[in-house]
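Close look at the chain arrangement
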Amino acid sequence: MRESTNALGAFLRARREQVTPRQAGIPEVGARRVPGLRREEVAMLAGISADYYLRLERGRDRNPSPQVLEAIARVLRLDEAHVTHLLSLASGAARPPRRRARKETPPPGALKLLDSLLQPAFIEDRYFDILASNRLARALSPGLAAGGNQLRDLFLDPAEQALHPEWESVTECFIANLRQAVGNDVGDPRFIELTGELTLASPRFRRLWARHEVRGQQGTPIRLRHPQVGELTLNRERLSIGGTESLMLVVYHPDPGSPDAEKLALLASANTPAPARTRA
């Protein structure tokens with residue numbers, strides 16, 4: 001079954017493949033056709049029947065109890081973020097596909113705040129679509145212009161990849177955050193459109209997406225290699241915008257007094273439009 005119709009089963013299968021027999025305390029006997037644990041091994045360690053676990057992975061049972069899920073989570077060595085994701089998939093396993101949702105519009109107040117900020121800033125939705133950005137954000141990366149998508153650029157645009165010296169870890173973070181943001185809403189047409197495009201176009205996206213990693217984005221430093229000002233290390237903050245379902249204000253800011261602050265000021269001055277001339 002496709003992930004959009006059996007998200008719970010896809011998640012269990014992917015996470016099962018990440019746990020080795022040694023990690024689970026099982027002796028490795030004989031050749032193994034698949035990486036990680038076998039279905040019957042997960043069932044045995046979780047204290048449920050192999051037939052019942054098989055029904056869960058194949059989407060034939062959509063209502064497992066919290067106790068069963070917690071037992072499986074222990075076997076699969078899931079952390080808190082993954083357990084929360086697992087519970088959300090189970091509670092919404094039978095969620096019907098929905099029509100294309102209307103694209104959210106940033107509130108006027110958020111747009112005014114965005115334009116007033118002296119640091120690079122932009123507004124994104126849960127799919128990393130850029131809905132609005134200020135001039136300095138666009139100077140930092142042309143991909144941060146309204147209408148762009150950060151995830152698509154990270155995997156398909158060589159110029160955007162060159163901007164990120166830690167590209168591999170950045171892509172892992174974005175994929176894990178997308179998993180968390182979407183949760184059980186895998187029938188959303190925008191989700192299907194974006195992940196379908198990237199699955200076809202990017203082998204790395206396919207590999208990362210198949211792992212079903214789940215992790216939230218927190219305020220963290222991010223390294224950039226800008227063609228005008230060189231190496232930058234900026235703090236990346238994501239702030240929820242009140243009155244919206246999932247919009248975030250993202251701000252890149254340097255540590256006060258650091259060389260990165262000076263580089264950012266230089267970038268800002270280099271990309272400030274000249275004042276219009278008036279006729280005598």
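This text gives an overview of the structure that appears in the document. Nothing here was measured: the structure is a model prediction, and the numbers come from that model.

This paragraph deals with the side chain of D188. Counting through the fold element by element, D188 comes out in the loop between helix 11 (167–182) and helix 12 (189–201). In this structure D188 comes out as buried when scored by relative accessible area, which is 4%. For D188, the side chain forms a polar contact with the side chain of Y127, separated by 2.7 Å. Within the local environment of D188, its side chain forms a polar contact with the backbone nitrogen of R190, the two atoms lying 3.0 Å apart.

Glancing now at helix 4 (residues 50–57). Buried within helix 4 are the following residues: Y52, Y53, L56 and E57. For helix 4, the angular spread of the buried residues around the axis is 140°, confining them to a single face. Just downstream of helix 4, G59 is the residue with a positive phi angle, here 80°.

We now examine helix 13 (residues 203–211). Of the residues making up helix 13, those classed as buried are R204, F205, L208 and W209. All buried residues of helix 13 lie within an arc of 125° about the axis, which places them on one face of the element. Those residues of helix 13 that are buried are in contact with helix 9 (150–156), helix 11 and helix 12.

Moving on: the sheet that holds strand 2 (residues 130–133). Reading across from one edge, 2-1-5-4-3 is the order of the 5 strands in this open sheet, with antiparallel pairing throughout. One side of each edge strand has no neighbouring strand; the edge strands of this open sheet are strand 2 and strand 3 (220–226). When strand polarity is set aside, the average angle formed by the axes of neighbouring strands in this sheet is 30°. Of the strand pairs in this sheet, strand 3 and strand 4 (residues 230–240) are connected by 7 bridges, and their pairing is antiparallel. Its bridge partner lying in strand 4, H226 is registered against G230. Its contacts with the sheet put helix 14 (residues 259–270) on strand 3, strand 4 and strand 5 (248–253), and the angle it makes with strand 4 is roughly 85°.

Calculation rules
Numbers given to residues run from 1 along each chain, matching the order in which its sequence is written. Per-residue local features are limited, in this predicted model, to residues with pLDDT of at least 70; the limit for side-chain atom pairs, both in listing and counting, is 80 or more; totals at the level of whole chains, interfaces and linings are taken over all residues. Values shown for side chains rest on all heavy atoms present in the structure; no hydrogens or waters enter the calculation. Helix and strand labels come from DSSP, where a helix needs a run of H or I of at least four residues and a strand needs a run of E of at least two; each type is numbered from the N terminus. Relative accessibility thresholds used throughout: buried, under 20% of the residue-type maximum; exposed, over 50%; partly exposed, between the two (1.4 Å probe, protein chains only). Here a polar contact is recorded for every N or O atom pair within 3.5 Å, except that within protein the pair must consist of a potential hydrogen donor and a potential acceptor, and residues adjacent in sequence are included only if both atoms are side-chain atoms. To obtain the arc, one takes the directions from the helix axis to the C-beta atoms. Any two residues having at least one pair of non-hydrogen atoms within 4.5 Å are treated as being in contact. The criterion for strand pairing is that DSSP finds at least two bridges linking the strands in question. In this description, a line fitted to the C-alpha atoms serves as the axis of each element, helices being fitted only across the stretch in contact, and the angle between N-to-C directions of two axes falls anywhere from 0 to 180 degrees.

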